[in-house]
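# Residue-level structure breakdown
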Amino acid sequence: MFSQRGFTLIEVILSLALTALLLSLLSTGMYAVMNDWENDTSSLDDDLDQTIAILQLERALQGAFPHSYRDEESLGRFVYFKGADDTLSWVSSVSPQRTGGLTAWHLQSVDDEGVYLRLAPAMSDSPDQRLETVEPILLIPNYTAEFAYLYEELDFSKRWREDWLGEVQQSLPLAVSVTLTPIDEDIVQTGPLNIIARIRANEHRLLRPGATPSSGTSSTSGSVPRFNTIQIGEP
Amino acid sequence: MKHQRGSVIIIVLWTSILLTVLVTVMAGKVQLSARTAFYNQQAVQDLAAVTAAMNKAEMEILLESMQKPIDQPVLTDIDGNPRESLFRFNGQPLTLNYPADDNIVVRIYNHAGKINLNGIRGVDMRMLIENRLGPDFDPQEVQELMAAWADWTDLDDRGQINGAEKDYYQSLDPPYSPRNNSELDSVEELRLIRGFDELFKGVNLDAAFTVYGTGRSVNLNLATREAMQLLPGLDDELIEKIIFFRQQREIRNKPMVAEIVPLEKYVQLDRWIGDNTSTVYSVYAYPKATPSTEQDSEQRDPNAPEVDPVTQAYMEIMEVRSYQNRGRVYKVDPYSRLPDTTIAQDED
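An account of the accompanying structure is given in this report. (Residues numbered from 1 in each chain as written. Chains lettered and ligands numbered in written order. Predicted model: local features only at pLDDT ≥ 70, side-chain atom pairs only at ≥ 80, totals over all residues. Heavy atoms only, no water.)

### With respect to the overall build of chain A
Looking only at helices and strands, one finds 3 helices and 12 strands in chain A. The buried share of chain A, taken over its 235 residues, is 41%. Partitioning the contacts of chain A with sequence separation of at least 6, the portion at a separation of at least 24 is 58%. Working note: accessible area of chain A is about 12900 Å², and carbon and sulfur atoms make up 58% of it. (Helix = DSSP H or I, 4+ residues; strand = E, 2+ residues; numbered from the N terminus. Buried < 20%, exposed > 50% of the residue type's maximum accessible area, 1.4 Å probe, protein only. Contact = heavy atoms within 4.5 Å. Areas by Shrake-Rupley, 256 points an atom, 1.4 Å probe, with all protein chains shown as cover.)

### Focus: helix α3 (residues 139-153) of chain B
Residues and elements named next belong to chain B. Compared with the 21 Å implied by 1.5 Å per residue over 15 residues, the 21 Å span of α3 between its first and last C-alpha is a close match. Residues of α3 that are buried include every one of Val-142, Leu-145, Met-146, Ala-147, Ala-148, Trp-149, Asp-151, Trp-152 and Thr-153, and no others. Residues of α3 that are buried sit in contact with α2 (122-133), α4 (166-170) and α5 (196-199). (Expected span 1.5 Å × (residues − 1).)

### With respect to the sheet that holds strand β7 (residues 137-141) of chain A
Residues and elements named next belong to chain A. Pairing in this open sheet of 6 strands is antiparallel, and the strands run β7-β6-β5-β4-β3-β10 from one edge to the other. The sheet terminates laterally at β7 and β10 (164-165), the two strands that pair on one side only. Inspection of the sheet shows strand β3 (residues 81-83) paired to strand β4 (residues 87-92) by 3 bridges, in the antiparallel sense. In the sheet register, Gly-83 faces β4, and the bridge partner there is Leu-88. The strands that helix α1 (residues 9-62) touches are β4, β5 (103-110) and β7; relative to β7, the one it contacts most, it runs at about 110°. (Pairing = 2+ DSSP bridges. Axes fitted to C-alpha atoms, helices over the stretch in contact; angles between N-to-C directions.)

### What about the sheet that holds strand β12 (residues 193-198) of chain A?
Residues and elements named next belong to chain A. The strand order across the open sheet built from 4 strands is β9-β8-β11-β12, with neighbouring strands paired in antiparallel fashion. A single partner strand is all that each edge strand has here, and the edge strands are β9 (158-161) and β12. Strand-to-strand twist in this sheet, taken as the mean axis angle between neighbours without regard to direction, amounts to 25°. Pairing of strand β8 (residues 143-152) with strand β11 (residues 175-182), which is carried by 8 bridges, proceeds in the antiparallel orientation. Looking at the pairing, Thr-144 lines up with Thr-181 of β11.

### Observations regarding the pattern of salt bridges
Applying the stated rule across the entire model yields 32 salt bridges over all chains. In this structure, Arg-179 of chain B engages Asp-185 of chain B in a salt bridge whose closest nitrogen and oxygen atoms are separated by 3.5 Å. Taken as a pair, Arg-179 of chain B and Asp-185 of chain B share a single burial class, namely buried. Linked through salt bridges whose partners overlap, the residues forming this network are Arg-77 of chain A together with Arg-179, Asp-185 and Glu-189 of chain B. (Salt bridge = Lys/Arg side-chain N within 4 Å of Asp/Glu carboxyl O.)

### Brief notes about the nonpolar core
Core analysis: the biggest nonpolar cluster contains 74 residues, and Ile-115, Phe-196 and Phe-209 of chain B have the highest contact counts within it. Take this core: its biggest share by element is 6 residues, from α3 of chain B. The residues touching Ile-115 of chain B, leaving out its near neighbours within four places in the chain, are Ile-120, Leu-128, Ala-208, Phe-209, Thr-210, Val-218, Ala-227, Leu-230, Leu-231 and Trp-272 of chain B. One finds Ala-60, Ile-140, Val-176 and Ala-197 of chain A within the second-largest nonpolar core, a separate group that totals 30 residues. (Core = buried A, V, L, I, M, F, W, Y, C linked by side-chain atoms within 4.5 Å.)

### A closer look at the side chain of Arg-246 of chain B
Residues and elements named next belong to chain B. For Arg-246, the location among the structural elements is in helix α8 (residues 236-248). For the buried Arg-246, no salt bridge exists, and the shortest N-O distance to an oppositely charged side chain is 8.7 Å, to Glu-226. Not counting chain neighbours up to four residues away, the residues in contact with Arg-246 comprise Arg-83, Asn-90, Leu-220, Asn-221, Leu-222, Ala-223, Met-228 and Ile-251. (Lys, Arg positive; Asp, Glu negative; His and termini not counted.)

### Notes on α1 of chain A
Taking 1.5 Å per residue as the helical rise, α1 of chain A with its 54 residues ought to reach 80 Å, and the 78 Å between its terminal C-alpha atoms agrees with that figure. Turning to α1 of chain A, its buried residues are Trp-37, Thr-41, Leu-44, Gln-50, Ala-53, Ile-54, Gln-56, Leu-57, Arg-59, Ala-60, Leu-61 and Gln-62 of chain A.

### Notes on the environment of Pro-232 of chain B
Residues and elements named next belong to chain B. Assignment of secondary structure puts Pro-232 in the loop between α7 (225-230) and α8. Measuring from C-alpha to C-alpha, the distance between Pro-232 and Tyr-169 comes to 30 Å, with 63 residues separating the pair along the chain. Once residues lying within four places of it in the same chain are set aside, the contact partners of Pro-232 are Met-127, Asn-131, Gln-268, Leu-269 and Trp-272.

### Quick notes on the interface of chain A and chain B
Every contact between the two is made by 44 residues of chain A and, on the other side, 50 residues of chain B. Across the interface of chain A and chain B, roughly 4000 Å² is buried in total on both sides, 55% from carbon and sulfur atoms. When residues of chain A are sorted by the area they lose upon contact with chain B, Trp-37, Arg-200 and Arg-205 of chain A head the list and together hold 19% of the total. Run the count over chain A and chain B and you get 6 salt bridges. A salt bridge links Arg-200 of chain A to Glu-58 of chain B; the shortest N-O distance between them is 3.7 Å. For the pair chain A and chain B, the interface holds 17 residue pairs in polar contact (both at pLDDT 80 or more). Every element with two or more residues in the side of chain A that touches chain B is listed here: α1 and β1 (68-70) of chain A. Of all the elements, α1 of chain A adds the most residues to the side of chain A that touches chain B, at 10 residues. (Buried area = accessible area lost by both parts, 1.4 Å probe. Polar contact = N/O pair within 3.5 Å; in protein donor to acceptor, adjacent residues only side chain to side chain.)

In short, shape yes, function no, at least from these values alone.
Set out below in structure tokens:
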């Protein structure tokens, strides 16, 4: 009536082997999927963070303000803007905390790490000292930044240069370009990113461009930049 | 045997549940990134539209300094007198000659409608402070504020009696140095002076003051609400009356002001007002607020003044001296606070 038939050893081994095979296949599949998913999620989050960071940077550069300060030694009044090819400090009307008043921004590109940001209130003097005391934040990891500054030549052609000192030029560049290059192509798969922000408020209300005291160092690049450019002729 | 077959369906069910969960979560992620991309795109479009509106507003100001075409119809006020077209730069939403995007609101403020901080006389500053402190001010407090103001704007580091010079500001956190120059860089700098942050708490300084131009008086045709609130002799009721009056016609001379403002108040106000205009303008542009939902409009009182809910805008301060040169931009603030834009209503 009732046939109770056991399994043979081979059957058991075979079934176990098959199960193990199936399970391992399934788990590797799952693992791959989970891994991908994890990657996607974190890279999406990173992308979102970086998009916001880049957007803020762009706005802050557009909102650059020709902030002036008094030099303690010479008592001269200078425009604050310090641009080199790997660091940049400027004063902007944009502040991430939405505090009133002007904010000084300082960007520094550190090889193998990323781009660091410092923020300090601009107040009514040179914000250099306050910027130094601030703990830097790693704003854009795994990228190096390179800055360039746009000016206009006497013949109206526009050129980029690698440095811009507000105290020498007494004005701001026409635009700032930030090129973000990934340090390791394997980690970050996008190519270099480029931010070009036009600065509309180039000149201080009172300080005339180029009107520098003798203490100012001579122009670093060979050509003499022409300022006041967006305008058609000077009043 | 039958029991064992049932296990297949359980496995299938579990797998499908697992897969559904996975797919849902992934779909959520995709949706999030799609939405981010959408908003980014919209933001870029808005910025482009705002930038375009800025250039058109600059054009509008340039056009203003040109001769009007002969055949251009003359705008008249309710009495039939021609309206001064320059006075439309008092912050009302504008339709430009070269129209900006439909979706963008443009407001232009002439700086003759603000109180000029640079070159303000000591007496005037004192009056402003006393007016702000209210009728029962403490003379000692006024004197301290005046001394702080004097120390901030004088060229040296020697403090006055009860004043505040470098040693005081260096003891603050974070430490800073006073301007020591009569020309302030920006209006917001006022808050850095000892006691002034407290004094002007809650005031939109950018709307009330200017540091550009040389005019010393405020033109009531162009004045912002914020500036008028600080002027001695004006209270909220009078301000609404003035704004309502200028919506209909111009304030051509001081006797016309004296008709609105009672004499005892007018005496205080007289020295502050004038018919000057400035070549400096604050231009605000922002995307129109999306129309409120139906429920909102039902609740709203149809007689209530129309309120523009937007309080933040892209702003540029520019100076346009003549139509031969393009404007000079002094300040760009992508997240600027709009002055009070409420329209005045007739109370009588």
